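Structure at a glance
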Amino acid sequence: MTAENPLGRLDDDDYPAYTMGRAAEMLGTTPGFLRSLGEARLITPLRSEGGHRRYSRYQLRLAARARELVDQGTPIEAACRIIILEDQLEEAQRINAEYRRAAAEPRTGTDA
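Residues numbered from 1 in each chain as written. Predicted model: local features only at pLDDT ≥ 70, side-chain atom pairs only at ≥ 80, totals over all residues. Heavy atoms only, no water.

1. Considerations on the packing of helix α3 (residues 57-71) against helix α4 (residues 76-104)
We apply this condition: Note on geometry: axes are lines fitted to C-alpha atoms, helical ones only across the stretch in contact, with angles between N-to-C directions running from 0 to 180 degrees. Only DSSP runs of H or I covering at least 4 residues are called helices, and only runs of E covering at least 2 are called strands; the numbering of each starts at the N terminus. Each angle is binned into one of four classes, with values under 35 degrees roughly parallel, values over 145 roughly antiparallel, values of 65 to 115 roughly perpendicular, and all other values oblique. Should the near helix be turned anticlockwise from the far one by less than a right angle, the crossing is left-handed, and should it be turned clockwise, the crossing is right-handed. We call two residues contacting when some pair of their heavy atoms lies within 4.5 Å. Three categories are distinguished: nonpolar for Ala, Val, Leu, Ile, Met, Phe, Trp, Tyr, Cys and Pro, charged for Asp, Glu, Lys and Arg, and polar for the others, with Gly belonging to the last.
Contact geometry of α3 with α4 gives a least axis separation of 9 Å together with a crossing angle of 130°. Here α4 runs oblique to α3, going by the angle between their axes. Between α3 and α4 lies a crossing whose hand is right-handed. Note on element contacts: α4 touches α3 through Ile 76, Ala 79, Ile 82, Ile 83, Glu 86 and Asp 87, opposite Tyr 58, Leu 62, Arg 65, Ala 66, Leu 69 and Val 70. Across the contact of α3 with α4, the residue classes break down as nine nonpolar, no polar and three charged.

Below you can see the structure in the form of structure tokens.
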């Protein structure tokens, strides 16, 4: 992706493309719910030059998971902690799989 091709950002999960209103609409929730996720430190939206919150697709996936848990009766702080732990576990499993693949690859060179 180059600076000359801003459309390349559309595929970037971390690009803050969605306004708070649009994000809330997509999730079927309120802007207040999104603000509460920020207060619970689940997601930290970037700010536009005008100070408006902007959300990425990755952040919207986390918010959708939080809404799912809250709709099932989980308190919002607990839901956020669960999601953070799930995210950390997924990352650890990805790293572990990379290490296992690297360990399974035949080694080149000479060992004396």
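2. Considerations on the sheet that holds strand β3 (residues 53-55)
Let me state the cut-off plainly: For two strands to pair, DSSP has to find at least two bridges joining them.
A sheet is described by the order of its strands in space; here three strands give the open sequence β1-β3-β2, paired in antiparallel fashion. The open sheet has two edge strands, β1 (18-19) and β2 (46-47), and neither has a second partner. With two bridges joining them, β1 and β3 adopt antiparallel strand pairing. Within the sheet, the bridge partner assigned to Thr 19 lies in β3 and is Arg 54.

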